[in-house]
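Close look at the chain arrangement
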Amino acid sequence: MESHQAFKQKYNLPFPLLADTEKSMCQAYGVWGEKRNGDRVTVGIRRTTFIIDPDGKISRVFENVNPKGHSGEVLEALAS
């Protein structure tokens, strides 16, 4: 949780960051589980972005997110 606060301060984020220490949110959204990195299989959080509309419904899901350039994809999706 400390690293979340440091990240928030470093980038001056105007919103709270969640720390899912019990993995309940990750499991509810289906992003906790096996993931591959080449031939290596590990268990953890699969990078995924969810866009949630004003009614609280998931309107778009980006799976296997590559952080490089992803913010542009999200901004484009929000504009459409």
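Throughout what follows, the structure given in this document is the object of discussion. This structure is a prediction, so every number in the text was calculated from the model and none was measured.

Turning to the nonpolar core, a few remarks are in order. If you look at the biggest cluster of nonpolar residues, it comprises five residues: I51, F62, V65, V74 and A77. Sequence-distant contacts of V74, that is, excluding residues within four places in its chain, are made with T49, I51 and F62.

On the surface, a cluster of nonpolar side chains totalling about 540 Å² of accessible area is made up of L18, M25, Y29, I52, I58 and V61. Inspection of the secondary structure assignment puts V61 in strand β4 (residues 58-63).

Before going further, it helps to examine the pairing of strand β1 (residues 32-37). Judged from the six bridges that link them, β1 and strand β2 (residues 40-45) form a sheet pairing that is antiparallel. Paired with W32 across the strands is I45, a residue of β2. Here β1 folds back onto β2 in antiparallel fashion, the turn holding two residues, of which G38 has a positive phi close to 70 degrees.

Here we take up the side chain of H70. Of note, H70 is situated in helix α3 (residues 70-79). Overall, H70 belongs to the buried group, its relative accessible area being 9%. In contact with H70, other than residues within four places in its own chain, are T49, F62 and V65.

Each value, and the rule that gives it
- Residues numbered from 1 in each chain as written.
- Predicted model: local features only at pLDDT ≥ 70, side-chain atom pairs only at ≥ 80, totals over all residues.
- Heavy atoms only, no water.
- Core = buried A, V, L, I, M, F, W, Y, C linked by side-chain atoms within 4.5 Å.
- Buried < 20%, exposed > 50% of the residue type's maximum accessible area, 1.4 Å probe, protein only.
- Contact = heavy atoms within 4.5 Å.
- Patch = residues over 30% accessible without salt bridge, like charges linked within 9 Å, V, L, I, M, F, W, Y side chains within 5 Å.
- Areas by Shrake-Rupley, 256 points an atom, 1.4 Å probe, with all protein chains shown as cover.
- Salt bridge = Lys/Arg side-chain N within 4 Å of Asp/Glu carboxyl O.
- Helix = DSSP H or I, 4+ residues; strand = E, 2+ residues; numbered from the N terminus.
- Pairing = 2+ DSSP bridges.

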